[in-house]
Amino acid sequence: FRCVVSEGVSVSVMEGDSVTLNTDVEIKQQEEIKWFFNDICIAQTSRDQSKICTDVQCNERFRDRLKLDHQIGSLTIMNTRNTDSGLYQLQLKIINSSISKKTFSVTVHGVSGVDTERVSVIERDSVTLHTEVLTNQQDRIRWYFNDIRIAQINRDQSKICTDVQCNKGTERFRDRLKLDHQTGSLTIMNIIDTVVGVYQLQISSGSSDSEKTFFIALFGVSAAEREEMKRKSVEEGESVTLDPGVIRKLNDSLTWYFKDILITEITGDQSKICTDVQCDERFRDRLKLDHQTGSLTIMNTRNTDSGEYKLLINSSRFSIIRSFNVTVTDSGLSRAAVTGVSVAVVLLFVTVAVVAVIYYRHWKARQKGKQYIQMAHLASGESASVNSGISDERECTEDY
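Now for a description of the structure that goes with this document.

Conventions adopted
Residues numbered from 1 in each chain as written. Predicted model: local features only at pLDDT ≥ 70, side-chain atom pairs only at ≥ 80, totals over all residues. Heavy atoms only, no water. Disulfide = S-S within 2.5 Å. Buried < 20%, exposed > 50% of the residue type's maximum accessible area, 1.4 Å probe, protein only. Helix = DSSP H or I, 4+ residues; strand = E, 2+ residues; numbered from the N terminus. Pairing = 2+ DSSP bridges. Axes fitted to C-alpha atoms, helices over the stretch in contact; angles between N-to-C directions. Phe/Tyr/Trp six-rings, centres within 6.5 Å; stacked < 30°, edge-to-face > 60°. Polar contact = N/O pair within 3.5 Å; in protein donor to acceptor, adjacent residues only side chain to side chain. Contact = heavy atoms within 4.5 Å.

Attention now moves to the state of the cysteines. Under the criterion given, the structure shown has one disulfide. With a sulfur-sulfur separation of 1.9 Å, Cys161 is cross-linked through a disulfide to Cys166. Across the S-S bond linking Cys161 and Cys166, the dihedral sits near 90 degrees, which makes this disulfide right-handed. Looking at Cys161, the relative accessible area reads 6%, which means it is buried. When its relative accessible area of 10% is taken as the criterion, Cys166 is described as buried.

On to unusual backbone geometry, then. Keep in mind that most residues, glycine aside, have a negative phi and that most peptide bonds are trans. Even without glycine at this site, Arg124 takes up a positive phi of about 80 degrees. Of note, Arg124 is situated in the loop between strand 9 (116-121) and strand 10 (126-129). Note on Arg124: relative accessible area 43%, which makes it partly exposed. Even without a glycine there, the phi angle at Asp147 is positive, about 70 degrees. Here Asp147 lies in the loop between strand 11 (140-145) and strand 12 (148-154). Exposure remark for Asp147: the relative accessible area of 62% places this residue in the exposed category.

On to the pairing of strand 4 (residues 40-45), then. As paired elements, strand 3 (residues 31-37) and strand 4 share five bridges and run antiparallel to each other. Bridging across to strand 4, Ile33 finds its partner in Thr45. The loop that links strand 3 with its antiparallel partner strand 4 comprises two residues; one of these, Asn38, has a positive phi angle of about 50 degrees.

Here six strands make up an open sheet; going across it, the order is 9-17-16-11-12-13 and the pairing mixed. Since the sheet does not close on itself, it has two edges, and those belong to strand 9 and strand 13 (160-162), each with one partner. The average undirected angle you get between the axes of adjacent strands in this sheet is 20 degrees. Relative to strand 13, strand 12 runs antiparallel, the two being bridged by three bridges.

Glancing now at the environment of Phe283. Within the secondary structure, Phe283 is located in the loop between helix 4 (276-279) and strand 22 (287-289). When the C-alpha atoms of Phe283 and Arg302 are compared, they prove to be 9.7 Å apart, with 19 residues separating the residues in sequence.

Time to look at the packing of aromatic side chains. Each aromatic ring pair is specified by the distance between its two centres and by the angle formed by the two planes. Under the criterion given, the structure shown has twelve aromatic pairs. Put simply, the rings of Phe37, Phe62 and Tyr88 touch in pairs and so form one group of aromatic residues.

Within the open sheet, the three strands sit side by side as 2-6-5. Their pairing is antiparallel. The open sheet terminates on both sides in strands that have one partner only, identified here as strand 2 (19-21) and strand 5 (66-68). Neighbour to neighbour, the strand axes of the sheet diverge by 20 degrees on average, direction disregarded. Where strand 5 and strand 6 (residues 75-77) come together, three bridges link them in antiparallel fashion. If you follow Leu68 over to strand 6, its bridge partner there is Leu75.

What follows deals with the side chain of Thr131. Checked against the element boundaries, Thr131 lands in the loop between strand 10 and strand 11. Side-chain polar atoms of Thr131 contact the backbone oxygen of Thr183, separated by 2.5 Å. Aside from chain neighbours lying at most four places away, what touches Thr131 is Ile141, Trp143, Thr183, Gly184, Ser185, Leu201, Ile203 and Lys212.

Set out below in structure tokens:
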């Protein structure tokens, strides 16, 4: 068998939530799917449905908490626990063909308290966690990641620190954190799997303290799937759709930018949708916005549409910036090239016509010369040979 191993997918989930690990395939009769957790088989399915291995049969750890989709083979872990964190492996076997493997790294985070904001992102996104206060009205604002202080700002701003400054030797967030001096809001840029988890905000104001908790989790999307989602390449004249990959909440606002120019937006109030003409003349009558998902479709694309598009997903507690890169390529020869080819073809026809005329006149002259020689020979009574005739013809032609 040929074995193909796909790049691993990192997934973060809060304790008690459910998580689904997708196969991205549809089971055929000749396929067999097995799921492993830390090299222990926990579920399997094949063309014979009776061979499905349930969680209890495979391992006691997941009793009554696993669900296997018989159509696509996806595995769902319900009511997750900290002990469910680890490496999950999908093994897909096609009879007489190959074995493909895909790995999932699952992290289950435990969170205390009920006031927790869940933020789901995709790798390379940037997210801002809002304090909803002003720093000049607070004594101190502190940010923690998994109980480690990563940022702090005081009322007089005499002490502002981020990751490395607050904790010497902390390299995890190097060049990824930004602190807003007016509000104390924290931005985590270019998110990767090592910076997902629990963020705690502590606000001190006089004699009272308050806390907020944010849980940042990654969608279970592989690097290849992420590239396919965020990088689009189309031929000129085609349409392209940029899908944010989220279900828009009514109170969220979604704003699309092209090269930092606002081109369209949608809010809870549909009347506030900004059309392409209002935002920018570049995309007149060529943009379409899906009000349910926030997806943006660019129709009849042009070379000038190539570049970076940014989506700002904004809620009261957090904001997410997701970037997309679009490349529009020529569908064929450019208009200038087509014009050049047309001119060249016309010149070619003219040249051929001129050459044909010259050749025809030359041929007629040779025919007249040949007739003249034959008549001269007959008049003199000489018997001309073919060879002498040819020689005389050449001379006559040259004289002519």
